[in-house]
Amino acid sequence: MQREAYFDNAKLLFIFLVVFGHLIQPLKNHIELVDVLYQWIYIFHMPVFVLASGFFAKGSSDKGYIIKLAKRILIPYFLFQIFYSIYFLGIGKSSWDNTLYDPHWGLWFLLSLFSWHLLLIAYRKLSPWLGIFTAFSIGILIGYVPMIGPDFSLSRTLVFFPFFLIGYWLSKKQLFSWRTANKKAIAVGILVAVFVVSYVTPTIPAQWLFGSQSYQTLDAATSGGLYRAILYVVATLMVFSVLLLIPRQRYSFTPLGQNTMYVYLLHGVIIQYGRQANLLAVDHNLDTIGLAVIAAAIVWFLSSKWVALFAQPIVEGKTDGLHRWWEERSKKETYNYKEKSS
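Residues numbered from 1 in each chain as written. Predicted model: local features only at pLDDT ≥ 70, side-chain atom pairs only at ≥ 80, totals over all residues. Heavy atoms only, no water.

### A word on the overall build of the protein chain
Reasoning step 1: From N to C terminus, the protein chain includes 14 helices and zero strands.
Reasoning step 2: Scanning the protein chain from its N terminus toward the C terminus, one meets helices and strands in the order α-α-α-α-α-α-α-α-α-α-α-α-α-α.
Reasoning step 3: Taking all 342 residues of the protein chain together, 48% fall into the buried category.
Reasoning step 4: Look at the contacts in the protein chain between residues 6 or more apart in sequence, and 81% of them connect residues 24 or more apart.
Reasoning step 5: Accessible surface, the protein chain: about 17,700 Å² in total, of which carbon and sulfur atoms supply 65%. (Helix = DSSP H or I, 4+ residues; strand = E, 2+ residues; numbered from the N terminus. Buried < 20%, exposed > 50% of the residue type's maximum accessible area, 1.4 Å probe, protein only. Contact = heavy atoms within 4.5 Å. Areas by Shrake-Rupley, 256 points an atom, 1.4 Å probe, with all protein chains shown as cover.)

### Overview of the packing of aromatic side chains
Where two aromatic rings form a pair, the distance of their centres and the angle of their planes describe that pair.
Reasoning step 1: This model, assessed by the stated rule, comprises 37 aromatic pairs.
Reasoning step 2: Judged by centre distance (5.3 Å) and plane angle (75°), the rings of Trp40 and Phe44 are edge-to-face. Taken together, the positions of Trp40 and Phe44, both in helix H2 (residues 32-55) and four residues apart, correspond to about one turn of that helix. For the pair Trp40 and Phe44, a shared accessibility class is recorded, and that class is buried.
Reasoning step 3: Consider the rings of Trp208 and Tyr215, whose centres lie 5.8 Å apart with planes at 20°: the pair is stacked. For the pair shown, Trp208 and Tyr215 are each scored as buried. (Phe/Tyr/Trp six-rings, centres within 6.5 Å; stacked < 30°, edge-to-face > 60°.)

### As for the packing of helix H1 (residues 5-24) against helix H11 (residues 260-276)
Reasoning step 1: Running from amino to carboxyl end, H1 crosses H11 at an angle of 20°, the nearest separation of the two axes being 10 Å. Classified by the angle between their axes, H1 and H11 sit roughly parallel to one another. For the pair H1 and H11, the crossing hand works out as right-handed. Residues Lys11, Leu12, Ile15, Val18, Val19, His22 and Leu23 of H1 form the contact with H11, whose own contacting residues are Thr260, Val263, Tyr264, His267, Ile271 and Arg275.
Reasoning step 2: For the contact of H1 with H11, the class distribution of residues is eight nonpolar, three polar and two charged. (Axes fitted to C-alpha atoms, helices over the stretch in contact; angles between N-to-C directions. Parallel < 35°, antiparallel > 145°, perpendicular 65-115°, else oblique. Left-handed = near helix turned anticlockwise from the far one by under 90°. Nonpolar A, V, L, I, M, F, W, Y, C, P; charged D, E, K, R; others polar.)

### Quick word on helix H5 (residues 128-141)
Reasoning step 1: The end-to-end C-alpha distance of H5 is 20 Å, a good match for the 20 Å that 14 residues give at a rise of 1.5 Å each.
Reasoning step 2: Buried residues belonging to H5 abut helix H4 (108-123), helix H6 (154-169) and helix H10 (224-245). (Expected span 1.5 Å × (residues − 1).)

### Re unusual backbone geometry
Reasoning step 1: Backbone geometry places Phe152, a non-glycine residue, at a positive phi of 60°.
Reasoning step 2: Looking at the element boundaries, Phe152 is found in the loop between H5 and H6.
Reasoning step 3: Accessibility expressed as a relative area gives 56% for Phe152, which makes it exposed.
Reasoning step 4: Phi angles above zero are rare outside glycine, and Ser153 is one such case at about 55°.
Reasoning step 5: With respect to the secondary-structure elements, Ser153 resides in the loop between H5 and H6.

### Some points on the nonpolar core
The nonpolar side chains of a soluble globular protein tend to be buried with one another.
Reasoning step 1: Core analysis: the largest hydrophobic core is formed by 102 residues, its most contacted members being Phe14, Met46, Phe109, Trp116 and Leu243.
Reasoning step 2: Among the elements that line this core, the one with the most residues is H2, at 15 residues.
Reasoning step 3: If near-sequence neighbours (up to four positions away) are discounted, Phe14 is found in contact with Val48, Phe49, Ala52, Val242, Leu243 and Ile246. (Core = buried A, V, L, I, M, F, W, Y, C linked by side-chain atoms within 4.5 Å.)

### Some points on helix H12 (residues 287-302)
Reasoning step 1: For H12, spanning 16 residues, the distance from its first C-alpha to its last is 23 Å, which sits close to the expected 22 Å at 1.5 Å a residue.
Reasoning step 2: Of the residues making up H12, those classed as buried are Thr288, Leu291, Ala295, Ile298, Val299 and Leu302. Along the axis of H12, the buried positions cluster into a sector of 95°, meaning they face one direction only. Opposite the packed face of H12, turned more than 90 degrees from it, sit the exposed residues Ile289, Val293 and Trp300. (Arc of directions from axis to C-beta.)

What follows is the structure, encoded as structure tokens:
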């Protein structure tokens, strides 16, 4: 069966936003447009990425699924946690924390992804609306617990879980039935409106968008719940606006959406080196276009079949891609040898 192009297009867009957001992060305090773009992207890009992960978690009730998931997620987490600890020290980040319980870079997502599947065991016993309401309530209330923060990605797990649960209950039929011309126009209006508001209002501290800190740490011990609730509403509106606008057509780049996990785990190698070597020293609004091109090039390279082929053993814990490549190579060499002999 042919893959649904919509979902590969969606995953490709989401991973581009992740890479682009990480690429422009050090520059947001120096370039006005970057500052606005960064805030606009970070309000929704992880929620929509998490929602997509939940959408593809439909088989989480299968027998042995959690064990397979642990092998597929936790093993790469520990391997990349060790790798990045060594790599960051090698490029001069001597102060970088190297503990296994404090995830490097974007590795928090792997710990949270595993935890979200565990949470589904309990939440799928609830009705969808009750479960989603409960998840949002816990995501708001958890900020009042000072000891819950970035360690073990616990805060992010609970803050972003509502979007994972929405994705889990969302069906393809529902998603595609909403894609009317009127709703698409409203979606564009919502995304433009949030961008304009981000431009004319004070910048939201980035830690609010990460979901990794308690309200006390964010200097909002009392009002933090209200702020997070507002961010939840805005993020949800933006998430569904983006989902309505993603094309269903198949393009030449669509197959790259199959390998987004490779991009997610490996793009830190390129971007952190660029930061450390000060290769991203730009200072003009128009430079943002160049950064978008660089982000697209990183996504294209890391999602290419050759990167996926040789990185598969550590990213997915499998070697079937290498086996197929070796068999095809051997058959080709055998065929060429027979042709020459004859």
